[in-house]
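Breakdown of the fold
Residue strings, one per chain:
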Amino acid sequence: MGTAGFACPSLAALDNSPGTKVIGVVTQPDRPKGRQLIPHPPAVKVEAESRKLTVHQPLRIRNDFNFLYQLNPDLIVVAAYGQILPETILDLPKQGCINVHGSLLPLYRGAAPIQRAILDGQNETGVTIMEMEAGMDTGPMISKIKTPIETRDNAQTLHDRLANLGAKLLVETIPQYVSGKIKPTPQDESQATHAPKITRDMGQIDWSKTATEIWNQARAFTPWPGIFTHISGKLLKIIDVEPVDINDLEPGIIGKSNYEGIIVGCGKKALRIKQLQKEGGKRLAANAFLAGHPLPAGTQLG
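Below you will find a few notes about this structure. (Residues numbered from 1 in each chain as written. Predicted model: local features only at pLDDT ≥ 70, side-chain atom pairs only at ≥ 80, totals over all residues. Heavy atoms only, no water.)

**Some points on the overall build of the protein**
For the protein, the helix and strand inventory stands at eight helices and 14 strands. For the protein, the spread of C-alpha atoms along the three principal axes comes to 70 × 45 × 30 Å. Across the 302 residues of the protein, 46% fall into the buried class. Within the protein, residue pairs in contact and separated by at least 24 positions form 63% of the contacts whose partners lie at least 6 positions apart. Roughly 15600 Å² of accessible area belongs to the protein as shown, and the carbon and sulfur atoms make up 51% of that amount. (Helix = DSSP H or I, 4+ residues; strand = E, 2+ residues; numbered from the N terminus. Buried < 20%, exposed > 50% of the residue type's maximum accessible area, 1.4 Å probe, protein only. Contact = heavy atoms within 4.5 Å. Areas by Shrake-Rupley, 256 points an atom, 1.4 Å probe, with all protein chains shown as cover.)

**Here's the deal with the state of the cysteines**
Enumeration over the complete set of coordinates arrives at zero disulfides. Residue Cys97 stays outside any disulfide, its sulfur separated by 20 Å from that of Cys8, the closest cysteine. (Disulfide = S-S within 2.5 Å.)

**Considering the sheet that holds strand 6 (residues 97-101)**
Sheet architecture is open: four strands sit in the order 5-6-7-8, paired in mixed fashion. Looking at which strands have only one partner, the edges of the open sheet turn out to be strand 5 (76-78) and strand 8 (141-148). Averaged over all adjacent pairs, the angle separating strand axes in this sheet is 15°, with direction ignored. Looking at chain direction, strand 5 and strand 6 are connected through three bridges and run parallel. What sits directly across from Val78, in strand 6, is Asn99. The sheet strands contacting helix 6 (residues 155-178) are strand 5, strand 6, strand 7 (124-131) and strand 8, and the helix crosses strand 8 at an angle near 150°. (Pairing = 2+ DSSP bridges. Axes fitted to C-alpha atoms, helices over the stretch in contact; angles between N-to-C directions.)

**Things to note about helix 2 (residues 43-50)**
Turning to helix 2, its buried residues are Val44, Lys45 and Ala48. Around the axis of helix 2, the buried residues are gathered within 100° of arc, so they sit on the same side. At its buried positions, helix 2 is contacted by helix 1 (8-16), strand 1 (25-26) and strand 4 (55-56). A positive backbone phi angle near 60° is found at Lys52, which sits one or two residues after helix 2. (Arc of directions from axis to C-beta.)

**Quick look at the pairing of strand 6**
In terms of burial, strand 6 is a largely internal element, five of the five residues being buried. Along strand 6, one buried face is formed by Cys97, Asn99 and His101 and the opposite face, lined by Ile98 and Val100, is buried too. Where strand 6 meets strand 7, four bridges bridge the pair, whose relative direction is antiparallel. Within the sheet, the bridge partner assigned to His101 lies in strand 7 and is Thr128.

**Regarding the packing of helix 1 against helix 6**
Taken N-terminus to C-terminus, the directions of helix 1 and helix 6 make an angle of 35°; their axes are 8 Å apart at the nearest point. Considering how the two elements wind past one another, helix 1 and helix 6 form a crossing that is right-handed. For the pair helix 1 and helix 6, the contacting residues are Pro9, Ser10, Ala13 and Leu14 in the first and Ala163, Asn164, Gly166, Ala167, Leu170, Val171 and Ile174 in the second. In terms of residue class, the contact of helix 1 with helix 6 is built from eight nonpolar, three polar and no charged. (Left-handed = near helix turned anticlockwise from the far one by under 90°. Nonpolar A, V, L, I, M, F, W, Y, C, P; charged D, E, K, R; others polar.)

**Here's the deal with the pattern of salt bridges**
On inspection of all chains with the given rule, the structure shows 11 salt bridges. Residues Asp15 and Arg51 are paired through a salt bridge, measuring 3.1 Å at the closest nitrogen-oxygen approach. Of the two residues, Asp15 sits in helix 1 while Arg51 sits in the loop between helix 2 and strand 4, which places them 36 residues apart along the sequence. By relative accessible area, Asp15 is classed as partly exposed at 28%. With a shortest N-O distance of 3.8 Å, Lys269 and Asp245 are connected by a salt bridge. (Salt bridge = Lys/Arg side-chain N within 4 Å of Asp/Glu carboxyl O.)

**A word on the packing of aromatic side chains**
The final tally for this structure, using the stated rule, is one aromatic pair. Summarising the aromatic geometry, the rings of Phe65 and Tyr69 are spaced 6.1 Å apart at their centres and angled 40° between planes, so their arrangement reads as tilted. Among the residues examined, Phe65 registers a relative accessible area of 13% and is labelled buried. (Phe/Tyr/Trp six-rings, centres within 6.5 Å; stacked < 30°, edge-to-face > 60°.)

**Re the nonpolar core**
Counting 59 residues, the largest nonpolar core has Ile98, Trp207, Ile262 and Ile273 as the members making the most contacts within it. Top contributing element to this core by residue count: helix 6, with seven residues. Counting residues in each nonpolar core, the second largest holds 14 residues, with Met1, Ile61, Ile89 and Leu92 among its members. (Core = buried A, V, L, I, M, F, W, Y, C linked by side-chain atoms within 4.5 Å.)

**Regarding the pairing of strand 12 (residues 261-266)**
Burial analysis of strand 12 places six of its six residues in the buried class, the great majority of the element. With five bridges connecting them, strand 12 and strand 13 (residues 269-278) associate as antiparallel partners. Looking across to strand 13, one finds that Val264 is bridged to Leu271. Between the antiparallel neighbours strand 12 and strand 13 lie two residues, among them Gly267 with a positive phi of about 60°.

In structure tokens:
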């Protein structure tokens, strides 16, 4: 069971593994996208159909799961499915249901563990294979794999790395798990943190935050929803930034502009904007942007 691209490497790994047989793929329905609202299939459906696997797309799995009884699976694997499974489904397979989760549980339970880890300035994350139960990512942990969060990482690069690490860990874990060689470990509730869904308005920059916090915000929200501010009432998307060690700039005030970027005060330090996009315009490097949109020192962003 999976919907988003995070699940595709796990599906591919399971289908390629000689020790497993994928008897069905469950994903969410096609959704309208674009200006013409043309229905588009989820990433997992595309992957499954390329492998000639049977695909099921119930609107609400809790109301439409009789087909699972006919499939009679030994084990259900879930990765980025996007719907909560009722206990009726959790209790159905002989070996239960396991989940591929993009964090080192009990840290970052919930819908957006990858973005939240970057946003919080963590230097390490990973993937946890866990037994599923009624709570949100609360089940016993079967196996883990770690990876550093590099300064060059954003949510997309980290997503892709974790998806591949999770797939590898999954096929290594299943044989030991179903044979009883691995004893799942309960999560420490006192260490639990949560990763709620990201919303578009979270991309608004608060210039009173530190340069590092805003830089982490930019990395966490790439590719979506991005970060933005306003200038003269117009939206200004900030595409590429880096913190710089310049003091004594008021928050949100441009200190100087040159070919290297636009320096803006934030907290006690500053941020260099290297690429940006005016509302209705194209993405431009700072020097190209400044050629058509002069931003003198003292300009207020916010």
